[in-house]
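These are the residues of each chain, in order.
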Amino acid sequence: MEATGAEIVVRCLAEEGVEFVFGYPGGAVLNIYDEIFKQNKFKHVLVRHEQAAVHAADAYARATGRVGVALVTSGPGVTNAVTGIATAYMDSIPIVVVTGQVPTPAIGLDAFQEVDTVGITRPCVKHNFLVKDVKDLAATMKKAFIIAATGRPGPVVVDVPKDVTYHVTDFEYPATVEMRSYNPVVKGHSGQLKRAVQMLLEAKRPMIYTGGGVVLGDASAQLTELARLLGFPVTNTLMGLGGHPATDKQNLGMLGMHGTYEANMAMQHCDVLLAVGARFDDRVIGNPSHFAREARRIIHVDIDPSSISKRVKVDVPIVGDVRNVLTDMLALLKQAKDRPDATALNAWWTQIELWRSKNCLKYNKQSPIIKPQYVVEKLWEVTKGDAYVTSDVGQHQMWAAQYYKFDKPRRWINSGGLGTMGVGLPYAMGVQLAFPEAQVACITGESSIQMNIQELSTCKQYRIPVKVVMLNNRYMGMVRQWQEFFYGSRYAESYMESLPDFVKMAEAYGHIGMRIDKPEDVEAALKEAFSPALKERMVFMDFQTDQTENVFPMVEGGKGLSEMILAEEL
Amino acid sequence: MSTRHIISLLMENEAGALSRVAGLFSARAYNIESLTVAPTEDATLSRMTIVTVGSEDIIEQITKQLNKLVDVIKVMDLTEGRHIERELMLVKVKAVGAGREEMKRTADIFRGRIIDVTDATYTIELTGTGSKLDAFLEAIDPAFIIETVRTGASGIGRGERSLKV
Ligand SMILES: Cc1cc2nc3c(=O)[nH]c(=O)nc-3n(C[C@H](O)[C@H](O)[C@H](O)COP(=O)(O)OP(=O)(O)OC[C@H]3O[C@@H](n4cnc5c(N)ncnc54)[C@H](O)[C@@H]3O)c2cc1C
Ligand SMILES: Cc1ncc(C[n+]2csc(CCOP(=O)(O)OP(=O)(O)O)c2C)c(N)n1
Ligand SMILES: [Mg+2]
């Protein structure tokens, strides 16, 4: 059947079962918008800035495991979207971004609203396409969805020139497309799997270190079963939270720069390390040569060969999809005659409990000023640990990660790799639209929230009832903390002056604003915000928190994992 | 320890393919000594030869990152096995007086061919490994060199060793 390029774009999206397209119109995509107007297969969500469109699509993907979709116009639409694309890229999130482009004959002539989209986005996409011929459009869309979602996921950009959107061709959406150059490995190598299992069974001081790959690969059930079967301790990266239940006794919490004392010590001192879907980030292992000082054998499971032995040399690399690999490992373990050395394991747990008894996350609960940690703990209680929590970037992000105990995967939505301030609110929108009945909280700071504050308007238009939990310390707290520790408390430009009245601001956008100054009011405010009476409303809570609170434990840049600064030491 | 590697790859012959590889090298601060690219007998494929220098870890990352590019079909580190390396160079030199005969002799020794002649110049074509071409340039008086142009290395495995789809 004949169709225009614009119809093809829209019908491909419908064929992919897309529920939401987050976007913003402009000249180059008007034909596509006209087709969107005529259809009812998916809903278009009009954001107020293209960056937010991409973030919302990204959050939709993080929360549902499906591909998120954004649509932006050429030129400034694309450049605005780049931060969103790079954010998704760093955290390996599957999204497809359709971008308008000037008509093919105008490409390269510095045409109005022309940018080299493929060139600008190339370093921050998994792949991108410029569709020059309408005949290639449907197959390209199919490829984009396949590439985004399979292997190590990531963003794919499809750049569609305006003339292509009105050119006509025969349309049939291919069920699949062959790509001889693209065949991600999914099954782990059986010999390596056997070696790994043997190594695990020989361990005296084992440790399981898991990351975003377990969440992305939907393998938390297998991971949890494996950990239970072996009785080994587990730690999650910031991206891996929820991959193993935080309230499980075997869970030592997050590791890394702001990880727990017990997780970091166990990581440093283990003799066998099973790394699953985690990439030995510099915020996670600290100084690699300090990390290498302790002898340990490392098994590394990752779908991307380039994640393996990139920063830390490993002994048993296993390339494959985490769910497949863990399933195979479980089968081998169940067949094995050997069991882990119970005496050694007991001694190891005794040591770990000693580290754990430091209670590294304690804070002053008697404070007359609201402690940010307290707000997060109360949020966890009020939402019964079952909310979707998005966050921005800064101290509040770390407190959210440390004090909200995520027991399920895909509940914690944040920017780890790029650390993009401004994601929190659009992330919450993407999640709430995907799960209209769920409790969705956006933990943010007064600086971050202002980077995409315009989205309060989108929340109004689509009645997106997210609850913003703003930990307002009147500082770029994370920056202030570094300046306090490493720059002699010279707080250069890290103080937020002239903050708006956030209550009035929320009201101006048609929402409910609350300002909470006292610790004794925290719980009541949260309960009210999450009460059935306000279920349909967006609530913006401005918690006036302690300005000088810092995030602990902390591993200073360049220091080793076991060289943490603890709260009590100051 | 850094060593020189010749990496060959096959990729989809599409617009922008070269920039994906070049972009990867600059974004990750990998070294490129030379890069050559042209379509193969199958016009849908491009074959690229990249000469790079790096430690074992870096070369491992380079091959993994190249393999990860969606358009790349196959990657082979030629230096891991027996291979042949060839580069083409054109050199325009002054050829006057006694130097004229001397220049021809040196070109002969290196199996160079004089492919263009004027009263005052020769243009010499040479093929060989990069180091043979270097040796030729060292063998002649630099004052005589007017212009040189080199293609960068191409390489192929010896014997049965081959890179194809
Ligand atoms: C202010 C700030 C502070 C931070 N502090 C910390 C900190 O204290 N601790 C911490 O951990 N992080 C911290 N981070 C985050 C850090 O920067 C990294 O983003 C994070 O550590 C990376 O997590 P990851 O290793 O799980 O990798 P991810 O980025 O989640 O990567 C996932 C890995 O899994 C692989 N993978 C994907 N899918 C699959 C599959 N199906 N099968 C197998 N493998 C798969 C991928 O190839 C990749 O290697 C901080 C960030 C910010 C902004
Ligand atoms: C877009 C962007 N710009 C700058 C930074 C650097 N940065 C990291 S945290 C931070 C301060 C965040 O302040 P706020 O949102 O108030 O959170 P707090 O740390 O106070 O909890 C800054 C500026 C960043 N991560 N992202
Ligand atoms: Mg702040």
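For the structure, check the block above.
As the structure is a computational prediction, the values presented were derived from the model and not from experiment. (Residues numbered from 1 in each chain as written. Chains lettered and ligands numbered in written order. Predicted model: local features only at pLDDT ≥ 70, side-chain atom pairs only at ≥ 80, totals over all residues. Heavy atoms only, no water.)

When its secondary structure is counted, chain A shows 22 helices and 20 strands. Taking 570 residues into account, the globule formula puts the C-alpha radius of gyration at 25 Å, and chain A, at 24 Å, falls close to it. Seen through its principal axes, chain A has C-alpha atoms that stretch 70 × 60 × 45 Å. Counting across all 570 residues of chain A, residues that qualify as buried make up 61%. Excluding contacts between residues fewer than 6 apart, the proportion of contacts in chain A whose partners are at least 24 apart in sequence is 77%. Summing over all exposed atoms, chain A offers an accessible surface of approximately 21,700 Å²; the carbon and sulfur share of this is 52%. Positive and negative side-chain charges of chain A, numbering 59 and 63 respectively, have mean locations separated by a distance of 4 Å. (Helix = DSSP H or I, 4+ residues; strand = E, 2+ residues; numbered from the N terminus. Rg over C-alpha atoms; globule rule 2.2 N^0.38 Å. Buried < 20%, exposed > 50% of the residue type's maximum accessible area, 1.4 Å probe, protein only. Contact = heavy atoms within 4.5 Å. Areas by Shrake-Rupley, 256 points an atom, 1.4 Å probe, with all protein chains shown as cover. Lys, Arg positive; Asp, Glu negative; His and termini not counted. Charge placed at Lys NZ, Arg CZ, Asp CG, Glu CD.)

Within chain B one finds four helices and nine strands. The helix and strand sequence of chain B, counted from the amino end, reads β-α-β-β-α-β-β-α-β-β-α-β-β. Considered along the principal axes of its C-alpha atoms, chain B spans approximately 55 × 40 × 35 Å. Sequence separation of 24 or more characterises 73% of the internal contacts of chain B that already satisfy a separation of 6 or more.

All names here are of chain A. Around ligand 2 sit 17 residues, and of these Q395, H396, G419, S448 and G477 come closest. With respect to ligand 2, the backbone of M421 contributes an N or O atom lying 3.3 Å from a nitrogen atom. S447 places a side-chain nitrogen or oxygen 2.9 Å from an oxygen atom of ligand 2. Protein burial of ligand 2: of its 590 Å² of free accessible surface, 77% is covered by the chains. When contributions to the shell around ligand 2 are tallied by element, the ones reaching two or more residues are α17 (395-403) and α20 (477-486). Counting residues per element, the shell around ligand 2 draws most heavily on α20, at three residues. Here the residues of the shell around ligand 2 are counted per class, giving seven nonpolar, nine polar and one charged. (Near = heavy atom within 4 Å. Polar contact = N/O pair within 3.5 Å; in protein donor to acceptor, adjacent residues only side chain to side chain. Nonpolar A, V, L, I, M, F, W, Y, C, P; charged D, E, K, R; others polar.)

Once that is clear, we can look at the packing of aromatic side chains. All names here are of chain A. Using the criterion set out here, one finds 16 aromatic pairs over all chains in the structure. Look at Y363 and Y403: their rings are 5.7 Å apart centre to centre, the planes differ by 85°, and that puts the pair in the edge-to-face class. With Y363 in the loop between α15 (342-356) and α16 (372-382) and Y403 in helix α17, the pair connects residues that are 40 residues apart, well separated along the chain. Each member of the pair, Y363 as well as Y403, is classed as buried. Its guanidinium or amino end placed over the ring of Y388, R411 lies 4.2 Å from that ring's centre, counting from NZ or CZ. (Phe/Tyr/Trp six-rings, centres within 6.5 Å; stacked < 30°, edge-to-face > 60°. Lys NZ or Arg CZ within 6 Å of the ring centre and 35° of its normal.)

A few words on the pairing of strand β20 (residues 539-544) of chain A. Residues and elements named next belong to chain A. The element β20 is extensively covered by neighbouring structure, given that six of its six residues are classed as buried. Burial along β20 is two-sided: the residues V539, M541 and F543 and F540, D542 and Q544 are all buried. Where strand β18 (residues 467-472) and β20 come together, six bridges link them in parallel fashion. Across the sheet, N472 pairs through a bridge with Q544, a residue of β20. In terms of strand pairing, strand β19 (residues 512-516) meets β20 through five bridges, oriented parallel. Its bridge partner lying in β20, G513 is registered against F540. Taken together, β19, helix α22 (residues 519-529) and β20 constitute a β-α-β crossover, and its handedness is right-handed. (Pairing = 2+ DSSP bridges. Right-handed = clockwise from strand over helix to strand, strands pointing away.)

All names here are of chain A. One finds M329, V469 and F543 to be the most contacted residues of the largest nonpolar core, which totals 98 residues. Leaving out residues up to four positions away in the same chain, F543 has contacts with I370, V375, V469, M470, L471, N472, I516, V522 and L526. Counting 54 residues, the second-largest nonpolar core is a separate cluster that includes V78, I95, L433 and M538. (Core = buried A, V, L, I, M, F, W, Y, C linked by side-chain atoms within 4.5 Å.)

Next up on the list: the sheet that holds β20 of chain A. Strand pairing in a sheet takes place through backbone hydrogen bonds and is either antiparallel or parallel in direction. Residue and element names in this part refer to chain A. Pairing in this open sheet of six strands is parallel, and the strands run β16-β15-β17-β18-β20-β19 from one edge to the other. Strand pairing shows two members of the sheet lacking a second neighbour, β16 (412-413) and β19, which therefore form its edges. Across five bridges, strand β17 (residues 440-445) lies against β18 in parallel orientation. Residue A441 lies in a different strand from β18, and its bridge partner there is K467. Along the sheet, helix α18 (residues 424-434) contacts β15 (388-391), β16, β17 and β18; its crossing angle with β15, the most-contacted strand, is approximately 155°. (Axes fitted to C-alpha atoms, helices over the stretch in contact; angles between N-to-C directions.)

Looking now at the site of ligand 1. Residue and element names in this part refer to chain A. Among the 37 residues in the neighbourhood of ligand 1, the closest are listed as G212, T237, H258, D302 and D321. A distance of 3.4 Å separates an oxygen atom of ligand 1 from a polar side-chain atom of R152. A distance of 2.9 Å is found between an oxygen atom of ligand 1 and a backbone nitrogen or oxygen belonging to L238. Here ligand 1, which alone exposes 990 Å², has 97% of that area covered by the protein. Put simply, the parts of the chain that give the shell around ligand 1 at least two residues each are α9 (212-216), α12 (282-285) and α17. Looking at side-chain class alone, the shell around ligand 1 contains 14 nonpolar, 16 polar and seven charged residues.

This part is about the environment of C124 of chain A. Residue and element names in this part refer to chain A. Structurally, C124 is set in the loop between α5 (117-121) and β6 (127-130). Owing to a relative accessible area of 9%, C124 belongs among the buried residues under this scheme. Residues C124 and W380 lie 256 residues apart in sequence; the distance between their C-alpha atoms is 34 Å. Setting aside its immediate chain neighbours within four residues, C124 contacts V82, I85, A86, Y89 and P155.

Take the interface of chain B and chain A next. Where the parts come together, the accessible area they lose is often given as the size of the interface. At the interface, 20 residues of chain B touch 18 residues of chain A. Here chain B and chain A share four salt bridges between them. K313 of chain A is the salt-bridge partner of E60 of chain B, the closest N and O atoms lying 3.6 Å from each other. Here chain B is connected to chain A by twelve residue pairs in polar contact (both at pLDDT 80 or more). Broken down by secondary-structure element, the contributors of at least two residues to the side of chain B that touches chain A are α1 (17-27), α2 (56-68) and β4 (72-77) of chain B. (Salt bridge = Lys/Arg side-chain N within 4 Å of Asp/Glu carboxyl O.)

What follows is about the packing of α16 of chain A against α22 of chain A. All names here are of chain A. In the contact formed by α16 and α22, the axes pass within 10 Å of each other and the chain directions differ by 35°. In this structure, the crossing between α16 and α22 has a hand that is right-handed. Residues Y374, V375, K378, L379 and V382 of α16 form the contact with α22, whose participating residues are P519, V522, E523, L526 and K527. Among the residues forming the contact of α16 with α22, the class breakdown is seven nonpolar, no polar and three charged. (Left-handed = near helix turned anticlockwise from the far one by under 90°.)

Take the coordination of the magnesium ion (ligand 3) next. All names here are of chain A. Listed as protein donors to the magnesium ion (ligand 3) are E446 (OE), E446 (OE), N473 (OD1) and Y475 (O); their distances from the metal cover 2.1 to 2.5 Å. Taken together, the six donor atoms coordinating the magnesium ion (ligand 3) and their angles of 52 to 177° define a geometry best described as irregular. On the primary sequence, the residues serving as donors to the magnesium ion (ligand 3) are separated as E-x26-N-x1-Y. (Donors = N, O, S within 2.8 Å, 3.2 Å for Na, K, Ca; no water. Tetrahedral: all angles 85-135°; square planar, octahedral: opposite > 155°, others 65-115°.)

Attention now goes to the state of the cysteines. Residue and element names in this part refer to chain A. Counted according to the given criterion, the structure contains zero disulfides over all chains. Here C360 is not cross-linked by a disulfide; its sulfur's nearest cysteine counterpart is in C270, at 18 Å. In this structure C442 is a free cysteine whose sulfur lies 9.2 Å from that of C459, the closest cysteine sulfur available. Residue C442 is classed as buried on the basis of its relative accessible area, which comes to 0%. (Disulfide = S-S within 2.5 Å.)

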